[in-house]
Amino acid sequence: MKTETTRRAEPRSLPLNQILAGDCIEVMNSLPENSVDLIFADPPYNLQLKGDLHRPDNSKVDAVDDHWDQFAGFGAYDKFTREWLAAARRVLKPHGAIWVIGSYHNIFRVGAALQDAGFWILNDVVWRKSNPMPNFRGKRLTNAHETMIWASKSENSKYTFNYEALKSLNEGVQMRSDWVLPICTGGERLKDAKGDKAHPTQKPESLLHRVLIGSTNPGDVVLDPFFGTGTTGAVAKMLGRDFIGIEREETYREVAEKRLSRVRRFDASALATTTSKRAEPRVPFGQVVERGMLRPGEELYSLDNRHKVKVRADGSLIGNDVKGSIHQVGAALQRAPSCNGWTYWHFRREGRMVPIDILRQQIRAEMQADGAQRPN
């Protein structure tokens, strides 16, 4: 069983499921090149707050005024952004991707730096907060969202995108680029010994759940260079992903260590997600014939019994002077532009009509089982 410990990274090693102490640029540069699958980064926002912020009742707002969010100006912030992105790019695999989250204070500058560094932007995602903090000064619109940029390492990267899994999360509807999720509140909000927020910008687990389900697979390595209180690590651990956290502030590391010690990985069977049909192994109909699952001369039927064809030895079908693949013949007989022959054609067994797709799924299951038994 893997445990989380705080230590510094060692050259040429990949310290999985650990929180590494130190400056994120130095630590990332000590990790092996091309070694992580995904980076989720929540860098300092450079809020440029001028004085304290108070509510109408004159109580002070616990805003982001920590030293780690202080920069001399835009030039200093831009230099820092370019340096950490260069280090992140070095450690990211060729087909890896990065998510960066920010506010209007910094996300546009980060977006330009991403493009300048060679990353290829895939989407910008608006996280619309269902319960945002109100605007206490009353001089601007209530800031009710943050922006995430999702980018691949290059334009030609074959990044992970679990389209069907995100669609399932969204009740069968294609996932959009505006996500309505609550900010971190209640029992999820971590507190320090004084009862104050352990971190001013703690992200909700629901946000990371959606990011990791959509753009990683079990066993992938997720790096968070601004680990904070460990939301990325906690969700990665639950979802069967490996994580590497980098955090220079000791107080945040301590909170994250305690948090991660309480997290348990979900059961392996629960980690499987809906996959695209295109991602499943291709099985030609001829293989069904070769393996004797259907014999040459055996008859296939449409479910409504309107059409009947015969299987030929080469895996083609023939019926009513039409011959060709299971898809071509089905389309021709229906006078339709296309047809999914796997679901259209059926064979008879014990008086029942059985779709030939059952045979394809049986072959796929055998292929996947064989692949799982082979050593890496």
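Position numbers for residues count from 1 along each chain, tracking the sequence in the order it is written. Residue-level local features of this predicted model are given only where pLDDT is at least 70; pairs of side-chain atoms are given and counted only at 80 or more, and the full residue set underlies all totals for whole chains, interfaces and linings. Water and hydrogen atoms play no part in the side-chain values, which are based on all heavy atoms of the structure.

The protein chain goes by Methyltransferase in an unreviewed UniProt entry, where it is assigned to Paracoccus aminophilus JCM 7686. Looking at the protein chain in UniProt, the text filed under Sequence similarities (unreviewed entry) is "Belongs to the N(4)/N(6)-methyltransferase family." The record held by UniProt for the protein chain lists under Catalytic activity (unreviewed entry) the comment "a 2'-deoxyadenosine in DNA + S-adenosyl-L-methionine = an N(6)-methyl-2'-deoxyadenosine in DNA + S-adenosyl-L-homocysteine + H(+)". UniProt positions are given in the numbering used here, feature names are shortened, and annotations may be inferred rather than shown by experiment.

Draft legend 1. Quick look at the overall build of the protein chain. Secondary structure elements are taken from DSSP: a helix is a run of H or I of four residues or more, a strand is a run of E of two residues or more, and numbering for both begins at the N terminus. For the protein chain, the count of helices and strands is 11 helices and 15 strands. Across the 376 residues of the protein chain, 45% fall into the buried class. Long-range pairs, those at least 24 residues apart, make up 66% of the contacts in the protein chain between residues at least 6 apart in sequence. By element, 48% of the accessible surface of the protein chain is carried by carbon and sulfur atoms, the whole surface being about 20,300 Å². Burial status follows relative accessibility: with a 1.4 Å probe on protein chains alone, a residue under 20% of its type maximum counts as buried, one over 50% as exposed, and anything between as partly exposed. In this description, contact between two residues means that some pair of their heavy atoms is separated by no more than 4.5 Å. Residue exposure ignores everything except the shown protein chains as possible cover, and the areas themselves are Shrake-Rupley values with a 1.4 Å probe.

Draft legend 2. Geometry of the environment of L122. Looking at the element boundaries, L122 is found in strand 5 (residues 120–129). L122 sits in the partly exposed class, given a relative accessible area of 21%. Sequence-wise, L122 and E155 are 33 residues apart; in three dimensions their C-alpha atoms are separated by 9.1 Å. Each residue touching L122, except ones within four places of it in the same chain, is listed here: W150, A151, S152 and Y159.

Draft legend 3. Here's a closer look at the pairing of strand 2 (residues 18–21). With burial as the criterion, each face of strand 2 is covered, one bearing Q18 and L20 and the other bearing I19 and A21. Two elements, strand 2 and strand 9 (residues 242–247), share 4 bridges in a ladder whose sense is parallel. Each bridged residue has a counterpart across the sheet, and for L20 the counterpart in strand 9 is I246. Paired strands, as defined in this entry, are two strands with at least two bridges between them according to DSSP.

Draft legend 4. Geometry of the pattern of salt bridges. Here, a salt bridge means any side-chain nitrogen of Lys or Arg that lies within 4 Å of a carboxyl oxygen of Asp or Glu. All told, the structure shown has 12 salt bridges when counted by the stated rule. A salt bridge links D178 to R176; the nearest nitrogen and oxygen atoms lie 2.8 Å apart. In this structure D178 comes out as partly exposed when scored by relative accessible area, which is 33%.

Draft legend 5. Here's a closer look at the packing of aromatic side chains. In this analysis, rings of Phe, Tyr and Trp, with Trp reduced to its six-membered ring, are considered paired at centre separations within 6.5 Å, and the interplanar angle assigns stacked below 30 degrees, edge-to-face beyond 60, and tilted for intermediate values. Going through the model one piece at a time under the given rule, you end up with 11 aromatic pairs. A ring pair is formed by W150 and F161, whose centres lie 5.5 Å apart and whose planes are at 50 degrees; its orientation type is tilted. Here W150 is found in strand 6 (residues 145–152), whereas its partner F161 is found in the loop between strand 6 and helix 4 (163–169), with 11 residues between them in sequence. Three or more aromatic residues joined by ring pairs make a cluster, and in this case those are W99, W150, Y159, F161, Y163 and W179. Only when the NZ of Lys or the CZ of Arg is both within 6 Å of the ring centre and within 35 degrees of the ring normal is a charge said to sit over the ring. A cation over an aromatic ring shows up here: R89 above the ring of F119, its NZ or CZ 5.0 Å from the ring centre.

Draft legend 6. Region of the structure containing the packing of helix 2 (residues 74–91) against helix 3 (residues 107–116). One can describe the packing of helix 2 onto helix 3 by two numbers: an axis separation of 10 Å at closest approach and a directional angle of 45 degrees. Here helix 2 lies oblique to helix 3, going by the angle between them. For the crossing formed where helix 2 meets helix 3, the hand is right-handed. Counting all contacts with helix 2, which are made through F74, Y77, D78, T81 and L85, the residues of helix 3 involved are R109, V110, A113 and L114. Basically, the charged four are Asp, Glu, Lys and Arg, the nonpolar ten are Ala, Val, Leu, Ile, Met, Phe, Trp, Tyr, Cys and Pro, and anything else, Gly included, counts as polar. Split into classes, the residues belonging to the contact of helix 2 with helix 3 amount to 6 nonpolar, 1 polar and 2 charged. Fitted lines through C-alpha atoms give the axes, limited to the stretch in contact for helices. The angle between two N-to-C directions lies from 0 to 180 degrees. Roughly parallel covers angles under 35 degrees, roughly antiparallel covers those over 145, roughly perpendicular covers 65 to 115, and oblique covers all other angles. The handedness criterion is simple: a crossing whose near helix is rotated anticlockwise from the far helix by less than a right angle is left-handed, and one whose near helix is rotated clockwise is right-handed.

Draft legend 7. The packing of helix 5 (residues 205–215) against helix 6 (residues 231–238), seen in detail. Packing of helix 5 against helix 6 brings their axes to within 9 Å, and their N-to-C directions diverge by 55 degrees. Of the possible angle classes, the one that applies to helix 5 and helix 6 is oblique. At the point where helix 5 passes helix 6, the crossing takes the right-handed sense. Residues E205, L208, H209 and L212 of helix 5 pack against T231, T232, A234, V235, A236 and M238 of helix 6. Grouping the amino acids of the contact of helix 5 with helix 6 by side-chain chemistry returns 6 nonpolar, 3 polar and 1 charged.

Draft legend 8. Just the side chain of T81, in detail. Inspection of the secondary structure puts T81 in helix 2. Contacts of T81, omitting those with residues within four sequence positions, involve V110 and A113.

Draft legend 9. The confidence of the model for the protein chain, seen in detail. Confidence of the predictor at the level of single residues is given by pLDDT, which spans 0 to 100. Per-residue confidence for the protein chain averages 86 on the pLDDT scale, and 87% of its residues sit at or above 70. Within the model, pLDDT remains below 50 along residues 1–5, and this stretch shows 13 contacts once partners closer than five positions in the same chain are excluded. Ignoring residues within four places in sequence, the model shows residues 49–64, a span with pLDDT below 50, making 26 contacts including any to other chains.

Draft legend 10. Here's a closer look at the nonpolar core. Counting residues in each nonpolar core, the largest one holds 34 residues, and the members touching the most others are W99, M148, W179, L207, V211 and L212. Ranked by residues supplied to this core, first place goes to helix 5 with 5 residues. Nonpolar core, defined: a set of buried Ala, Val, Leu, Ile, Met, Phe, Trp, Tyr and Cys residues in which side-chain atoms within 4.5 Å join the residues together. Counting residues in hydrophobic clusters, the runner-up holds 31 residues, among them V100, L223, F226 and I244.

Draft legend 11. Representation of helix 9 (residues 326–334) within the structure. The set of residues buried in helix 9 consists of I326, V329, G330, A331 and L333. Considering only its buried residues, helix 9 is in contact with helix 8 (285–290), strand 11 (308–311), strand 12 (317–319), strand 13 (322–324), helix 10 (341–344) and strand 14 (345–349). One or two residues past the end of helix 9 sits R335, with phi positive at roughly 55 degrees.

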